[in-house]
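Here are the chains, one letter per residue:
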Amino acid sequence: MPKAALSSADKSALFDFIRLLADESGAIIRRYFRGGYVVDSKTDETPVTVADREAEERMRALIVERYPSHGILGEEYGHHQPDAPFQWVLDPIDGTKNFISHGYLFGTLIALVHEEQALLGAIHQPIVQDLLVGDGDTAWLNGEPVRVRDCASVEDAVFLTTSHYNVANFQNGPAFEEVAQRAARYHTWGDCHGYYLVAVGGADVMTDPVMNFWDRAALVPIIEGAGGRITDWQGGDPLYGNGVIASGGSIHDELVRLLNP
């Protein structure tokens, strides 16, 4: 189903439902923020907390109640109805390492995917309660339209990544180092926060050398809706490719070339 197949009424109802998912999961996450929870390690040695688990459980329950024919893919609890045409893709806390360090650079990712096309995406920051949503054509922050900003060159760019040293493990580390040193500013303002900054015009480039599907699905309609570009690391499909590069668009092709010499 192409995006145009969603009527304005359907889209409005889905946006309202995304707000409900954000509000309900956000209330749970705020309750545990800077609390005395136990941090567990998953099989891939990444951290997880009761906040991650309870927030996803609440969103899954709401989806099953409202859209029983839809599937769900969540980071913490896997797939429900994996053959359903519509799939909700959830990452209850994208940036758990920041969350457990009492920082703010994390968020909840919510996406609706239909037959390998990301229709809608949202980034919710539960502490400041910012909700950034996109449908591939437009993006809104708390109901107000947002746009990427123009960037004339790599030397003018605010260039971001999640983990500097992780790039060399999955992509071309020396090429990345060269681009980072050319940029006007380089920061590890990572996870979904970096993509949020690109979409609202606060940064020019955000990169991750490797990502899971629940990390990337919500980002595509947001970045594209804000007028930017998002691809995999080699310039291909951002949903099913290798890593992610998101930018305002004007220097995107150059970035792909420079990062893949």
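Throughout what follows, the structure given in this document is the object of discussion. Only a predicted model underlies this, so the values are computations on that prediction, with no experimental measurement involved.

Procedures and definitions
Residues numbered from 1 in each chain as written. Predicted model: local features only at pLDDT ≥ 70, side-chain atom pairs only at ≥ 80, totals over all residues. Heavy atoms only, no water. Helix = DSSP H or I, 4+ residues; strand = E, 2+ residues; numbered from the N terminus. Rg over C-alpha atoms; globule rule 2.2 N^0.38 Å. Areas by Shrake-Rupley, 256 points an atom, 1.4 Å probe, with all protein chains shown as cover. Lys, Arg positive; Asp, Glu negative; His and termini not counted. Charge placed at Lys NZ, Arg CZ, Asp CG, Glu CD. Expected span 1.5 Å × (residues − 1). Buried < 20%, exposed > 50% of the residue type's maximum accessible area, 1.4 Å probe, protein only. 1 Å grid on protein atoms, 1.4 Å probe; cavity = no way out; pocket = protein on both sides within 12 Å on 5 of 7 lines; lining within 4 Å. Points joined across faces, edges and corners; volume = space filled by probe spheres on them. Nonpolar A, V, L, I, M, F, W, Y, C, P; charged D, E, K, R; others polar.

Let's talk about the overall build of the chain
Alright, step 1. Assigned secondary structure in the chain consists of nine helices and 15 strands.
Alright, step 2. Over its C-alpha atoms the chain spans a radius of gyration of 17 Å, differing by no more than 12% from the 18 Å that the globule rule assigns to 261 residues.
Alright, step 3. Judged by the C-alpha coordinates and their principal axes, the chain covers about 50 × 45 × 35 Å.
Alright, step 4. Just so you have it, the chain exposes about 11000 Å², and 49% of that area is on carbon and sulfur atoms.
Alright, step 5. Between the centroid of the 19 positive side chains of the chain and the centroid of its 37 negative side chains there is a distance of 4 Å.

Some details on helix α1 (residues 8-32)
Alright, step 1. Its 25 residues place the ends of α1 36 Å apart at the C-alpha level, agreeing with the 36 Å of an ideal helix rising 1.5 Å per residue.
Alright, step 2. Those residues of α1 that sit buried are Lys11, Leu14, Phe15, Phe17, Ile18, Leu21, Ala22, Ser25, Gly26, Ile28, Ile29 and Tyr32.
Alright, step 3. Just downstream of α1, Arg34 is the residue with a positive phi angle, here 60°.

Focus on the layout of surface pockets
Alright, step 1. One number sums up the size of the largest pocket: a volume of about 800 Å³.
Alright, step 2. Elements with a contribution of two residues or more to the lining of the largest pocket: β5 (86-94), α3 (96-100), α6 (192-199) and α7 (213-216).
Alright, step 3. Residues that form the lining of the largest pocket fall into these classes: 11 nonpolar, 10 polar and nine charged.
Alright, step 4. The space that makes up the second largest pocket amounts to roughly 160 Å³.
Alright, step 5. Residue lining of the second largest pocket: Phe15, Arg19, Leu131, Val133, Trp140, Asn142 and Gly143, and that is the complete set.
Alright, step 6. In terms of residue class, the lining of the second largest pocket is built from four nonpolar, two polar and one charged.

Purely geometric numbers; function is a separate question.
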